[in-house]
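# Architecture and fold: a report
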Amino acid sequence: MAQIIKRGVNTWQVRIYTGRDRKTNKRQFHTKTIHGTKKDACLYASEYESNHVKGYTAQKSITIDSAWKRYITACAIKLNPNTIHARQNIFNKHISTFSKLPLVELTTLDIQSLINLLSNDIKPNTVKTIYGVFRAFLNQCVAWDLIIKNPCVGVIIPKVTRHLDSIKPLNSEEIARFMVACKSHKYGLFMRLQLLTGCRTSELRALCWDCVNFADSTILIKRGVNTKTKKIQDCTKNDTSKRIIKLDEITLLSLKKVKLASKTELVFPGAIPEHVITIDTLLKALKQILKIAGIERDHFRLYDLRHSCATYLLNAGVPVKAVSERLGHASSKMTLDIYTHYTSDLNGPLYNALSKIDEETERLISNQ
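For the structure given in this document, a descriptive report is provided here.

Calculation criteria
Residues numbered from 1 in each chain as written. Predicted model: local features only at pLDDT ≥ 70, side-chain atom pairs only at ≥ 80, totals over all residues. Heavy atoms only, no water. Pairing = 2+ DSSP bridges. Helix = DSSP H or I, 4+ residues; strand = E, 2+ residues; numbered from the N terminus. Axes fitted to C-alpha atoms, helices over the stretch in contact; angles between N-to-C directions. Core = buried A, V, L, I, M, F, W, Y, C linked by side-chain atoms within 4.5 Å. Buried < 20%, exposed > 50% of the residue type's maximum accessible area, 1.4 Å probe, protein only. Contact = heavy atoms within 4.5 Å. Left-handed = near helix turned anticlockwise from the far one by under 90°. Nonpolar A, V, L, I, M, F, W, Y, C, P; charged D, E, K, R; others polar. Polar contact = N/O pair within 3.5 Å; in protein donor to acceptor, adjacent residues only side chain to side chain. Phe/Tyr/Trp six-rings, centres within 6.5 Å; stacked < 30°, edge-to-face > 60°. Lys NZ or Arg CZ within 6 Å of the ring centre and 35° of its normal.

### Structural notes on the sheet that holds strand β2 (residues 11–20)
If you walk across this open sheet you meet the 3 strands as β1-β2-β3, and the pairing is antiparallel. Each having just a single partner strand, β1 (3–8) and β3 (27–35) make up the two edges of the open sheet. Going across the sheet, the axis of each strand differs from the next one's by a mean of 25°, ignoring polarity. Of the strand pairs in this sheet, β1 and β2 are connected by 5 bridges, and their pairing is antiparallel. Looking at the pairing, Ile-5 lines up with Gln-13 of β2.

### A closer look at the nonpolar core
Core analysis: the largest hydrophobic core is formed by 36 residues, its most contacted members being Phe-178, Met-191, Leu-286 and Leu-305. Of all the secondary structure elements, the ones that give two or more residues to this core are α6 (172–182), α7 (188–197), β5 (218–221), α9 (249–261) and α10 (279–293). Considering each element in turn, this core owes the most residues, 6 residues, to α10. Residue contacts for Phe-178: discarding those within four places in its chain leaves Leu-170, Met-191, Leu-195, Leu-286, Ile-289, Leu-290, Ala-293, Ile-295 and Leu-305.

### A word on the pairing of β2
Burial within β2 is extensive, with 7 of its 10 residues counted as buried. Count of turn residues in the β1/β2 antiparallel hairpin: 2 residues, of which Asn-10 carries a positive phi of about 55°. Strand direction decides the pairing type here: β2 and β3, joined by 9 bridges, are antiparallel. Along β3, the bridge assignment pairs Thr-11 with His-35.

### A closer look at the packing of α7 against α9
Remark: α7 packs on α9, axes separated minimally by 11 Å, with the N-to-C direction vectors making an angle of 145°. In this structure, α7 crosses over α9, and the sense of that crossing is left-handed. When α7 is examined against α9, the residues Leu-189, Arg-192, Leu-193 and Leu-196 are found in contact with a partner set consisting of Ile-250, Thr-251, Ser-254, Leu-255 and Val-258. The residue makeup of the contact of α7 with α9, split by class, is 6 nonpolar, 2 polar and 1 charged.

### A short note on the side chain of Thr-201
Mapped onto the fold, Thr-201 is located in helix α8 (residues 201–205). Note on Thr-201: relative accessible area 10%, which makes it buried. Within polar-contact distance, the side chain of Thr-201 engages the side chain of Gln-194 at 2.9 Å.

### Some remarks on the packing of aromatic side chains
Scanning all chains against the criterion turns up 9 aromatic pairs. Plain terms: the ring middles of Trp-68 and Tyr-71 are 5.2 Å apart, the flat faces sit at 50° to each other, and that makes the pair tilted. Of this pair, Trp-68 and Tyr-71 are both found in helix α2 (residues 64–75), 3 residues apart, which corresponds to roughly one turn of the helix. One aromatic cluster is present, built from ring pairs that chain together Trp-68, Tyr-71, Phe-91, Phe-98, Phe-134 and Phe-137. If you follow Arg-15 out to its NZ or CZ, it ends over the ring of Phe-29, 3.8 Å from the centre. The lysine or arginine in question, Arg-27, covers the ring of Tyr-17, its NZ or CZ lying 4.5 Å from the ring centre.

### Structural notes on the environment of Arg-200
Position of Arg-200 relative to the elements: it lies in the loop between α7 and α8. Note: C-alpha distance between Arg-200 and Gly-328 (128 residues apart in sequence) is 9.0 Å. Each residue touching Arg-200, except ones within four places of it in the same chain, is listed here: Gln-194, Lys-237, Ser-241, Arg-243, Tyr-303, Arg-306, Leu-327 and Gly-328. Only 2.7 Å separates the side chain of Arg-200 from the side chain of Glu-203, close enough to count as a polar contact.

Bear in mind that shape data such as this cannot, by itself, settle questions of function.
Here it is, written out as structure tokens:
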């Protein structure tokens, strides 16, 4: 953004930020004195910025594909392999249409055209995710001084509305029937554990005995299953997902029985020793348990057991922060954003507390 500074009668100084010196890292500015009207000064600034953007990068030939490779390599330092894999897939399927285009020639209208095209065939939430990855990538390019501004700024994306039927948690009565059905099924312990802990399916599939503490009645969640390789990785979705979860006595006793008969490091091994249990096996087991419990739900997912845990705890009055930490959410706000529509009344305790003030006020008045 250019600064237009008045220096006298019909005299203006134009000051434009041009980036940082690559050796000293000091901020650099282009200054120019314009004799004429303020409009003349603004016109000069606009033309200079336009020309500067076109030739901004020292490597004028750097393409979006080349810049992306630098970005995804840098991200590997911070993000886990699943996230890296997901971002690379988004680039390959959608952003790679600009691969050969020089980075400095990418415009806001180019990105808007892509978003408009995607919006015709893809759900708004997915379009928003694609846009978010694109914007994060270009933000990093700005930070690296490869471009002067992010062309994603100003792009209009479709409005995302959360559908109330996207989450199908079990109610308290269904949870009780589900627990009874779990007792008679081979994989009932896995389902019980996911329902009571709220863990992600990938976290329980990667659970090993070294993370089960029978003395403290806890399990440590620190691993997950890589969606691409189907193998265990020593990281979870994010840093907040690494957590210790307290177990109930019945679940702990069941785990002890499994431990005595176990011959692998995995708590829930697959058909092949030392291999993680497959999603297909778990989905088949889930359908069987739901049928035994007499619960009829269309397209009920393993992840809905996690949702059931969250909604049950919130409806029971458990503090949002405690629920958020159990689920491994990045923040309590995230928990509220997801589950507000599926809880009976999160503000109940608040109104009860306020009503006590009125009761105390009335008591004091009556005693006067």
